[in-house]
Amino acid sequence: MEYESVLLIKPEVFIYKIPPRASNRGYRAADWNLGEPTWTGRMRLVAKGIVCHLKLEDKTSGALFANCPIDTYPGVAIEAVSDSSRYFVIRVQDDNGRSAFLGLGFGDRSDSFDLNVALQDHFKWVKNQEQIEKEKTQPKQELDLGFKEGETIKINMRITKKDGSEGVSRTAKAKTSGGILPPPPGSLGKIAPPPANAASSTRQSPGTSPAHKPTGNSTGTEWTDYASAGNNSGQNPTPPQQNTNATANANWVQF
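Rules and cut-offs
- Residues numbered from 1 in each chain as written.
- Predicted model: local features only at pLDDT ≥ 70, side-chain atom pairs only at ≥ 80, totals over all residues.
- Heavy atoms only, no water.
- Salt bridge = Lys/Arg side-chain N within 4 Å of Asp/Glu carboxyl O.
- Helix = DSSP H or I, 4+ residues; strand = E, 2+ residues; numbered from the N terminus.
- Buried < 20%, exposed > 50% of the residue type's maximum accessible area, 1.4 Å probe, protein only.
- Core = buried A, V, L, I, M, F, W, Y, C linked by side-chain atoms within 4.5 Å.
- Contact = heavy atoms within 4.5 Å.
- Polar contact = N/O pair within 3.5 Å; in protein donor to acceptor, adjacent residues only side chain to side chain.
- Expected span 1.5 Å × (residues − 1).
- Disulfide = S-S within 2.5 Å.
- Pairing = 2+ DSSP bridges.

Novice: Go over the pattern of salt bridges with me, naming the residues and quoting the values.
Specialist: Taken as a whole and judged by the stated rule, the model has eight salt bridges. Across the pair Lys55 and Glu4 runs a salt bridge whose closest N-O atoms are separated by 3.5 Å. On the criterion of sequence distance, the pair formed by Lys55 in strand S3 (residues 51-57) and Glu4 in strand S1 (residues 4-17) is long-range, its members being 51 residues apart. Judged by its relative accessible area of 18%, Lys55 is buried. The exposure class assigned to Glu4 is partly exposed, which follows from its relative accessible area of 43%. Through salt bridges with shared partners, a single ionic network connects Lys10, Asp111 and Asp114.

Here's what the structure looks like:
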């Protein structure tokens, strides 16, 4: 069941008998006898579903004087005149389907503005309802969001550590290090062997201080030759020869 809703009420409007339209230039309110309206009463704009009616009623009794069904706006049912914004031409109909054109006028310009806004809002709502009904019978076309052939997508991700700081990817580290790659995994944890001539190098005797230098009266007992330590392991070391001339023994370490 559809209910009738009132869109607009104006307590006083003026109705005029108008001459037939002489040309296609439109109606002019100046051609009417504006000082002597044919009828004065109340106007109600009501809607029942998508159908809209402009009803002219008696101010006191509310009796219906004329009914103007409006199916579209702007249209033939109600049309503005060419020389004023306060006057319209309406097409009224009786129960037998007979129609006539009358002039409708307002005493204030804001009243005619309210009629315009009410009609526009109603038919905008009608258009939205028609669109909703159309979508019910014709489902919306689903969007194809899949990747087409050859399409790729690039995602920039930020890695956040447990402490909340942002980590740097390996690619970014390689770029910031000037292009130097890290060592291979197999080489981590290994120590390179010492050079081959490390065993023949002369080492300092334990217990002596590097700052202690031999004097001219040194007997040579304070220094020990470890040159043959690598080859005579497990054997008693050969006691050093005592010589007052340090340059005569090539195995002495000179500081």
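From this point, things continue past the structure.
Novice: Can you break down the nonpolar core residue by residue, with the values?
Specialist: One finds Leu54, Leu56, Ile70 and Leu115 to be the most contacted residues of the largest nonpolar core, which totals 25 residues. Put simply, the parts of the chain that give this core at least two residues each are S1, strand S2 (39-48), S3, strand S4 (64-70), strand S6 (87-93), strand S7 (99-105) and helix H1 (109-137). With residues near it in sequence (within four places) discarded, Leu115 still touches Leu8, Met43, Leu45, Leu54, Ile78, Phe88, Leu104 and Phe106. Ranked by size, the runner-up nonpolar core spans nine residues in total, among them Tyr27, Ala29, Trp32 and Val81.

Novice: Please provide a residue-by-residue account of the side chain of Lys55, values included.
Specialist: Within the structure, Lys55 has its side chain in polar contact with the side chain of Glu4 (distance 3.5 Å). Residue contacts for Lys55: discarding those within four places in its chain leaves Glu4, Arg42, Met43, Arg44, Val46, Leu64, Ala66 and Asn67.

Novice: Please give an account of H1 that cites residues and values.
Specialist: Helix length check: H1, at 29 residues, gives a terminal C-alpha distance of 44 Å against a target of 42 Å (1.5 Å per residue), a fit within 8%. Inspection of H1 places Asp111, Ser112, Leu115, Ala118, Leu119, His122, Phe123 and Val126 among the buried residues, and these make up the whole buried set.

Novice: So what's going on with unusual backbone geometry? Which residues, and what values?
Specialist: Residues Tyr73 and Pro74 are joined by a peptide bond in cis, for which omega reads -5°. Tracing the sequence through the fold places Pro74 in the loop between S4 and strand S5 (78-80).

Novice: Before we move on, could you go through the state of the cysteines and cite the residues and values that matter?
Specialist: A complete count under the given rule lists zero disulfides for this structure. The structure places no disulfide on Cys52, whose sulfur is separated from the nearest cysteine sulfur, that of Cys68, by 8.6 Å.

Novice: Can you explain the pairing of S2? Please cite residues and give values.
Specialist: Across the ten residues that make up S2, a large majority, seven, are buried. Two strands pair when backbone bridges link them, and S1 and S2 are joined in this way by nine bridges, in the antiparallel orientation. By the bridge assignment for S2, Val13 is matched with Gly41. By the bridge criterion, seven bridges tie S2 to S3 in an arrangement that is antiparallel. By the bridge assignment for S3, Ala47 is matched with Cys52. Adjacent in sequence and paired antiparallel, S2 and S3 are bridged by two residues, among which Gly49 carries a positive phi angle near 70°.

Novice: Before we move on, could you go through the pairing of S7 and cite the residues and values that matter?
Specialist: In this structure, S1 lies alongside S7, joined through four bridges in antiparallel fashion. Within S7, the residue paired with Tyr16 across the bridge is Gly103. In the sheet, S6 pairs with S7 via seven bridges, with the strands oriented antiparallel. Residue pairing across strands places Phe88 opposite Leu104, the latter belonging to S7. The turn joining S6 and S7, which pair antiparallel and follow one another in sequence, is formed by five residues; a positive phi near 90° is taken by Gly97.

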